[in-house]
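Examination of the molecular architecture
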Amino acid sequence: MPALVAMRFNPDSKRIYSRLIDNGKHAKLAITAVLRELVFLANALLRDDQTWTLKAP
């Protein structure tokens, strides 16, 4: 569920999903890849004791 929300509202996650779909990957695989990126991001933020901020366009 968090990956689906991230794909809608987070430009980076949307870019990852779109790139995989454009390369012919299945939707479930692309969603799993987005979720994996979210887990890595959460782990890095906790490890470094930082908060997440959206990149300015």
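Since we're looking at a predicted model, the values are computed, not measured. (Residues numbered from 1 in each chain as written. Predicted model: local features only at pLDDT ≥ 70, side-chain atom pairs only at ≥ 80, totals over all residues. Heavy atoms only, no water.)

Description of the overall build of the protein
- Looking only at helices and strands, one finds three helices and zero strands in the protein.
- Sequence-ordered secondary structure for the protein, helices as α and strands as β, is α-α-α.
- For the protein, the spread of C-alpha atoms along the three principal axes comes to 35 × 25 × 20 Å.
- Residue pairs at least 24 apart in sequence account for 41% of intrachain contacts in the protein once pairs closer than 6 positions are excluded.
- In the structure as shown, the protein presents an accessible area of about 4,800 Å², 61% of it carried by carbon and sulfur atoms. (Helix = DSSP H or I, 4+ residues; strand = E, 2+ residues; numbered from the N terminus. Contact = heavy atoms within 4.5 Å. Areas by Shrake-Rupley, 256 points an atom, 1.4 Å probe, with all protein chains shown as cover.)

Re the environment of Ala30
- As for its position among the elements, Ala30 is in helix α3 (residues 27–48).
- Ignoring anything within four residues of it in the chain, the contact list for Ala30 reads Tyr17, Leu20 and Ile21.

Side note on the confidence of the model for the protein
- Looking at the protein, pLDDT values average 92 and 96% of them are 70 or higher.
- Within the protein, helix α1 (residues 2–9) has the poorest average pLDDT of any element, 91, and α3 the best, 95. (pLDDT = per-residue confidence, 0-100.)

A few points about the environment of Ala3
- By the secondary structure assignment, Ala3 is in helix α1.
- For Ala3, a relative accessible area of 4% corresponds to the buried category.
- The residues touching Ala3, leaving out its near neighbours within four places in the chain, are Ile31, Val34, Leu35 and Leu38. (Buried < 20%, exposed > 50% of the residue type's maximum accessible area, 1.4 Å probe, protein only.)

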